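Coordinate inspection notes
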Amino acid sequence: MKGCLTAGLCYIIYNGLDWPGISTAVTTCFLTALSSVGSSRQKQVLRISGALVGGFVIGMGSQIFILPYVDSIAGFTILFVLVTAFASWFMTSSPRLSYFGVQIAVAFYLIHLNSFAIEPSLSIARDRVVGILLGLIMMWLVFDQLWEHPPPQT
């Protein structure tokens, strides 16, 4: 119920704002709404940190500093392989950290594999990360502020 409420609220917010780029908020609610509070928190922290690293640092960084100098598919392929190797290194690490690597790869791929051309707009990376932040804020509001957890039985 709580996960559906947060996803519904995110849907209403991004449609009310007429900002379809932040639709990743709904996905964030579905992916991080787990049964236990600890595992949900861990997944939320890994999702936002992976999105920040993959979206802002690597995704936008490569759009600003690397891709303007790349003039062939071979150069983009080298960048793609390097980012995939970096994300895979985290994915194959401990079970606690592997989701961080998945989020790095997903954020980078959603930005750069959006069309068959180099993406010149930085707004795609911004919208993805803002959507994830909106989803996490709504999860915090609903799960921690509106819906209290029962005290442990002793």
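Residues numbered from 1 in each chain as written. Predicted model: local features only at pLDDT ≥ 70, side-chain atom pairs only at ≥ 80, totals over all residues. Heavy atoms only, no water.

1. Concerning the overall build of the protein
Cut-off, in case you're wondering: The helix count covers DSSP runs of H or I at least four residues long, the strand count covers runs of E at least two residues long, and both are numbered beginning at the N terminus. Pairs of residues are marked as contacts when any of their non-hydrogen atoms sit within 4.5 Å. The method behind every accessible area is Shrake-Rupley, applied with a 1.4 Å probe, and residues are considered shielded solely by the protein chains displayed. Only four residue types enter the charge count: Lys and Arg as positive, Asp and Glu as negative, with His and the chain ends excluded. All charge positions are set by atom: Lys at NZ, Arg at CZ, Asp at CG, Glu at CD.
The helix and strand inventory of the protein stands at six helices and zero strands. Structurally, the protein occupies a C-alpha span of about 65 × 40 × 20 Å along its principal axes. Contacts in the protein between residues at least 24 apart in sequence constitute 70% of all its contacts with a sequence separation of at least 6. Element-wise, carbon and sulfur atoms account for 71% of the exposed surface of the protein, whose accessible area totals about 8900 Å². Positive and negative side-chain charges of the protein, numbering 7 and 6 respectively, have mean locations separated by a distance of 12 Å.

2. Concerning the state of the cysteines
Defined simply, a disulfide is a covalent bond joining two cysteines at their sulfur atoms. We apply this condition: Defined by distance alone, a disulfide is two cysteine sulfur atoms within 2.5 Å. Throughout this description, buried means an accessible area under 20% of the type-specific maximum (1.4 Å probe, protein chains only), exposed means over 50%, and partly exposed covers the range between.
Under the defined criterion, the tally for this structure stands at zero disulfides. Among the cysteines around Cys-10, which has no disulfide bond, Cys-29 carries the closest sulfur, lying 3.7 Å off. Classification of Cys-10 by relative accessible area gives buried; the value is 0%. Judged by relative accessible area, which is 0%, Cys-29 ranks as buried.

3. Focus on a nonpolar patch on the surface
Heads up, the rule is: Each patch is assembled from residues with relative accessible area greater than 30% and no salt bridge, linking like charges that lie within 9 Å and nonpolar side chains (Val, Leu, Ile, Met, Phe, Trp, Tyr) that lie within 5 Å. Salt bridges are defined as contacts in which a side-chain nitrogen from Lys or Arg sits within 4 Å of a carboxyl oxygen from Asp or Glu.
On the surface, Ile-64, Phe-65, Ile-66 and Leu-122 cluster together into a nonpolar patch covering about 370 Å² of accessible area. Of note, Leu-122 is situated in the loop between α5 (98-112) and α6 (123-146).

4. Description of the nonpolar core
Quick reminder of the rule: Each nonpolar core is a collection of buried residues, namely Ala, Val, Leu, Ile, Met, Phe, Trp, Tyr and Cys, held together in the definition by side-chain atoms within 4.5 Å.
Residues Ile-58, Leu-67, Leu-79, Val-83, Phe-100, Ile-104 and Phe-108 are the most contacted members of the largest nonpolar core, which totals 14 residues. Secondary structure elements with two or more residues in this core: α3 (37-66), α4 (73-91) and α5. Setting aside chain neighbours within four positions, we find Phe-108 in contact with Gly-54, Ile-58, Gly-59, Ser-62, Leu-79, Phe-80 and Val-83. Counting residues in each nonpolar core, the second largest holds twelve residues, with Ala-7, Cys-10, Leu-134 and Phe-143 among its members.

5. A few points about the confidence of the model for the protein
Our working definition: Summary of the metric used: pLDDT quantifies the predictor's per-residue confidence within the range 0 to 100.
Within the protein, residue pLDDT values average 86, and 93% of them lie at 70 or more. The secondary-structure element of the protein with the lowest mean pLDDT is helix α2 (residues 24-32), recorded at 84, while α4 shows the highest, at 95.

6. What about the layout of surface pockets?
Note the cut-off: Points on a 1 Å grid, built from protein atoms alone, make a cavity when a 1.4 Å probe fits but cannot get out and make a pocket when they are open with protein on both sides within 12 Å along at least 5 of 7 lines; residues with an atom within 4 Å of a point are the lining residues. Grid points are joined across faces, edges and corners, and a volume is the space filled by probe spheres set on the points. Three classes are used: nonpolar for Ala, Val, Leu, Ile, Met, Phe, Trp, Tyr, Cys and Pro, charged for Asp, Glu, Lys and Arg, and polar for all others, with Gly counted as polar.
Within this model, the largest pocket holds a volume of roughly 160 Å³. As for the largest pocket, its lining consists of Leu-67, Val-70, Ser-72, Ile-73, Phe-76, His-112, Leu-113, Ser-115, Phe-116, Ala-117, Ile-118 and Glu-119. Across the lining of the largest pocket, the residue classes tally to eight nonpolar, three polar and one charged.

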